[in-house]
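Reading the structure
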Amino acid sequence: MSRHELAVIIRDPAGLHARPAARLVEEARRHESALRVVHAGAESALTSMIALLALGVRAGDEVVVRGDGPDSEDAVRAVAALLGDQGGDPAPAPAEAASPAEDSPVPPGDDGLRGVPASAGRAVGVIRHLSRLETLTADVPTVLEVEGVLTTVAARLRDQAQQADESSAVILEALAELALDPQLTAAARSRLATGLPLSEAFTAAGEDVAAVLERSQDSYLAARAADIRHLAADAAALALGRVIDVTELGEEPCILVASDVSPSLLSALGRSRLAGVVTEQGSASSHASLIASSLGVPMVVAVPDAVERLPHGVVAVVDGAAGSIELRSGAPVPTFEEAAGSEEPTAATPISTLDGHRIQVAVNVGSVTELHSARTATVDGVGLYRTELSYLSRTSAPSEDELTAELSEAVRSLAGQRLIVRTFDFGSDKQPPFLTAVDEPNPALGVRGIRLARLRPELLRAQLRAVSHAAQQGPVGVMAPMVTTVDDVVWFVDQVRQHVDPQAQVEVGVMLEVPAAALAAVEIVKHVDFVSVGTNDLVQYLNAADRQVGHLAGLQEPFAPVLLRLLKSICDAARANGTWVGICGAAAADPDWAALAVGLGVDELSVPPAAVARLRRRLTGVRLDELELVAAKALRTGTPEAVRDLARVGRPE
Ligand code: PEP
Ligand code: MG
């Protein structure tokens, strides 16, 4: 018997993840030889995707492919070639909505709930509890065994993949491979041998295998643990003859509410049935979230007690970018036409308080396409153009020409309203394949935003030159994310000076979203035309609470008096220097919070387009002196709840 080995460096920024692992297992099946992957002293047979994933192979790691058998040379070469060729396969990027945990228009309490944004978009629909749709079918095959059930689960996933769009199909194929994994089969068999009924054996086996993956404490593998549980649940349902009765979904657009949903269920229900999805479990990078995104169905995950708090049959609005759900008890059941994006249009007239104090209200967008569909809502242009979002699955960095074309089109479409471009906020959870992933124990505290720009100035240079060209078409501002020190600010302003034509009159700003920078506002404002407060990050860093962790959502509290005091100090410092202050984080989309911010001295609010109408209603109905009084009281208040009560003053009924 011959043995061959080859060493391979993994180039995929996401390491060895589910989709390449599925392809490797498939390739290994074509060969007679026994194949293994060895990594850091551990090894896995190329028959099991689960064992391969559990190796925890990361970008830059070296692995050895080993083959024993008659065709070992060919087999090792073929597998090594696949492994070494993973650089172009986009990592399973978290759903777009996860990174811009955009706004939180609905405070917890009230009629609203909050969770983790998983698929962007906004929709109205009737709540349907998944548990109420489950029913038993009459035609359960009488002889069922472990392999038969798992093969059927895999076959169904492959059928779904045939019908699905390209990105969903890849996920569904990988899941089908996972369903046939020998480790899952072995775990189910051994549970069955202990006397458990078949369906319970699958559930228990799912837990056994998921526990192995979770032990790695790697968030990617933890999400795959969720996949295993879903597959085990699908197998258990099949063994019991439990199916989803889609007729129970009714004819109206439906918001599916469940403890958790599987990617296969979402794919089977498809867009025609679903207006939105809300789950108690799940994460923004789960396969269910990715399928929801590719279906274009808004989804919010990790919503505590969603099933209990969102009653079956009641109308609700899901905002997948904000991660919020608002109950509309008693509201008429919407039609499918009304279900998507049904926020009243706004007239593009300026927004002022009753006594004529003008407030700039801009919008947050992540692409030119998004800007085009937001144009009816724009009053004061774009306050935050998240440039990184369009490049998250790119395998090459965008060129100056590409960026110029994109930004020029954005400026032109605003027809004289200002575009504020935020330079790339790559890093943390926004890692495009063209940047080598840095292995960081705490990515949110790592190399992101301007920290990355300082390491890769050529990326910033291309962007600033594009800004300079685009500014020939209309008013433009540019700001840097994640500045921490005054030195960061000085460096950024210097880069703008070097690469942006002074004739272009581009306004220069920085985001204040790191507490150290917010506390240094008095120094920072001396160097810039404006500052824009990123409350999403500022709140997460103030509270040392990751904004992506669902069960810490309660700490992402924008009404916290400490945050308001910090904001007041920023406004005072800026006003004394003649620098204007904007807010582009989620909090600004909540009308009561926005009213407080105006009372504290904020000049501009930049919000998702759908929130402009409600800010107009809220701010045009009060006087500035009322808002200033309320804001001053809020600063002396001890709790977020008390601040919320105060902030209702002047709210239209
Ligand atoms: C923020 O942090 O508030 C912000 C607007 O930036 P992002 O959500 O894109 O991090
Ligand atoms: Mg931010």
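Worth saying up front: this structure is predicted, and the values here are computed from it rather than measured.

1. Comments concerning the coordination of the magnesium ion (ligand 2)
- Protein-derived coordination of the magnesium ion (ligand 2) comes from Glu513 (OE) and Asp537 (OD), at a distance range of 2.0 to 2.1 Å. With glutamate 513 in the loop between strand 20 (507-512) and helix 19 (515-519) and aspartate 537 in helix 21 (residues 535-543), the pair connects residues that are 24 residues apart, well separated along the chain. Of the two residues, glutamate 513 and aspartate 537, neither departs from the other in class, the shared state being buried.

2. Description of the pattern of salt bridges
- Taken as a whole and assessed by the stated rule, the structure comprises 38 salt bridges.
- Across the pair glutamate 43 and arginine 66 runs a salt bridge, and its minimum N-O distance is 3.5 Å. Taken together, the positions of glutamate 43 in strand 3 (residues 42-45) and arginine 66 in strand 4 (residues 62-68) put the pair 23 residues apart, joining distant regions of the chain.
- Taking the relative accessible area as the measure of exposure, glutamate 43 reaches 40% and is therefore partly exposed.

3. Description of the site of ligand 1
- Taken together, 15 residues lie around ligand 1, and Arg386, Arg422, Gly534, Asn536 and Arg547 are the ones closest in.
- The side chain of glutamate 513 places a nitrogen or oxygen atom 2.9 Å from an oxygen atom of ligand 1.
- Notes on ligand 1: free accessible area 280 Å², of which the protein chains cover 100%.
- In terms of residue count, helix 21 provides more of the shell around ligand 1 than any other element does, three residues in total.
- Residues that form the shell around ligand 1 fall into these classes: three nonpolar, four polar and eight charged.

4. A word on empty space enclosed by the protein
- Inspection of every chain in the model, using the stated rule, returns six cavities of 30 Å³ or more.
- A volume near 60 Å³ is recorded for the second largest cavity.
- If you trace the second largest cavity, you find it lined by Phe424, Phe426, Gly449, Leu452, Ala453, Arg456, Leu459, Leu460 and Gln463.
- Of all the secondary structure elements, the ones that give two or more residues to the lining of the second largest cavity are helix 16 (450-455) and helix 17 (457-470).
- The biggest single contributor to the lining of the second largest cavity is helix 17, with three residues.
- Taken together, the residues of the lining of the second largest cavity break down into six nonpolar, two polar and one charged.

5. Looking at helix 22 (residues 561-577)
- Between the first and last C-alpha of helix 22 there are 25 Å, a value that for 17 residues agrees with the 24 Å anticipated at 1.5 Å per step.
- Among all positions in helix 22, only Pro561, Leu563, Leu564, Leu566, Leu567, Ile570, Cys571, Ala573 and Ala574 are buried.
- Phi for glycine 578, located one or two positions after helix 22, is positive at around 75 degrees.

6. Re the packing of aromatic side chains
- One pass over the structure, following the stated rule, counts four aromatic pairs.
- Each ring, one from phenylalanine 426 and one from phenylalanine 434, has its centre 5.6 Å from the other, and the planes form 90 degrees; the classification is edge-to-face. In this structure, phenylalanine 426 and phenylalanine 434 share a single accessibility class: buried.
- Look at phenylalanine 530 and tryptophan 580: their rings are 4.6 Å apart centre to centre, the planes differ by 10 degrees, and that puts the pair in the stacked class.

7. Remarks on unusual backbone geometry
- Positioned with a positive phi, alanine 40 is a non-glycine residue whose angle comes to about 45 degrees.
- In this fold, alanine 40 is placed in the loop between strand 2 (34-39) and strand 3.
- Relative accessible area serves as the criterion here: at 73%, alanine 40 is assigned to the exposed category.
- Positive phi, close to 50 degrees, is recorded for glutamine 505, a residue that is not glycine.
- Counting through the fold element by element, glutamine 505 comes out in the loop between helix 18 (486-499) and strand 20.

8. A closer look at the domain arrangement of the protein chain
- Assigned domains within the protein chain: domain 1 (3-83), domain 2 (101-133 + 244-337), domain 3 (140-240) and domain 4 (359-647).
- Computed from C-alpha atoms alone, the centre-to-centre distance between domain 1 and domain 2 is 39 Å.

9. So, the pairing of strand 23 (residues 604-607)
- A two-sided burial pattern is seen for strand 23, the buried positions comprising Glu604 and Ser606 on one face and Leu605 and Val607 on the other.
- For strand 16 (residues 358-365) and strand 23, the ladder comprises four bridges, and the chain directions are parallel. Across the sheet, residue valine 363 finds its bridge partner in strand 23, namely valine 607.
- Pairing between strand 22 (residues 580-583) and strand 23: two bridges, direction parallel.

10. Considering the pairing of strand 13 (residues 315-319)
- Burial within strand 13 is extensive, with five of its five residues counted as buried.
- Burial along strand 13 is two-sided: the face carrying Val315, Val317 and Asp319 and the face carrying Ala316 and Val318 are both buried.
- Of the pairings in the sheet, the one linking strand 7 (residues 122-129) to strand 13 comprises five bridges and is antiparallel in character. Bridging from a neighbouring strand, alanine 123 pairs with valine 318 of strand 13.
- Where strand 13 lies against strand 14 (residues 324-327), four bridges are found, and the strand directions are antiparallel. Across the sheet, the residue bridging to valine 317 is glutamate 326, located in strand 14.
- Here strand 13 hands over to strand 14 after four residues, with glycine 323 in that stretch at a positive phi of 75 degrees.

11. Remarks on the packing of helix 17 against helix 18
- As a packed pair, helix 17 and helix 18 sit with axes 9 Å apart at the nearest point and diverge in direction by 55 degrees. With respect to helix 18, the element helix 17 is oriented oblique. When you trace helix 17 past helix 18, the crossing you get is right-handed. Where helix 17 abuts helix 18, its residues Pro457, Leu460, Arg461, Leu464, Arg465 and Ser468 lie against Trp491, Phe492, Gln495, Val496 and His499.
- For the contact of helix 17 with helix 18, the per-class residue count stands at six nonpolar, three polar and two charged.

12. Digging into the sheet that holds strand 4
- Strands sit in the order 1-4-2-3 across an open sheet of four strands; the sheet is antiparallel. Each edge of the open sheet carries a strand with a single partner, namely strand 1 (3-9) and strand 3. Averaged over neighbouring strand pairs, the angle between their axes works out to 20 degrees when direction is ignored.
- Here seven bridges tie strand 1 to strand 4, and the two strands are oriented antiparallel to one another. Bridged to valine 8 within strand 4 is valine 63.

What counts, and at which threshold
Residues numbered from 1 in each chain as written. Chains lettered and ligands numbered in written order. Predicted model: local features only at pLDDT ≥ 70, side-chain atom pairs only at ≥ 80, totals over all residues. Heavy atoms only, no water. Donors = N, O, S within 2.8 Å, 3.2 Å for Na, K, Ca; no water. Helix = DSSP H or I, 4+ residues; strand = E, 2+ residues; numbered from the N terminus. Buried < 20%, exposed > 50% of the residue type's maximum accessible area, 1.4 Å probe, protein only. Salt bridge = Lys/Arg side-chain N within 4 Å of Asp/Glu carboxyl O. Near = heavy atom within 4 Å. Polar contact = N/O pair within 3.5 Å; in protein donor to acceptor, adjacent residues only side chain to side chain. Areas by Shrake-Rupley, 256 points an atom, 1.4 Å probe, with all protein chains shown as cover. Nonpolar A, V, L, I, M, F, W, Y, C, P; charged D, E, K, R; others polar. 1 Å grid on protein atoms, 1.4 Å probe; cavity = no way out; pocket = protein on both sides within 12 Å on 5 of 7 lines; lining within 4 Å. Points joined across faces, edges and corners; volume = space filled by probe spheres on them. Expected span 1.5 Å × (residues − 1). Phe/Tyr/Trp six-rings, centres within 6.5 Å; stacked < 30°, edge-to-face > 60°. Domains from an automatic or database assignment. Pairing = 2+ DSSP bridges. Axes fitted to C-alpha atoms, helices over the stretch in contact; angles between N-to-C directions. Parallel < 35°, antiparallel > 145°, perpendicular 65-115°, else oblique. Left-handed = near helix turned anticlockwise from the far one by under 90°. Contact = heavy atoms within 4.5 Å.

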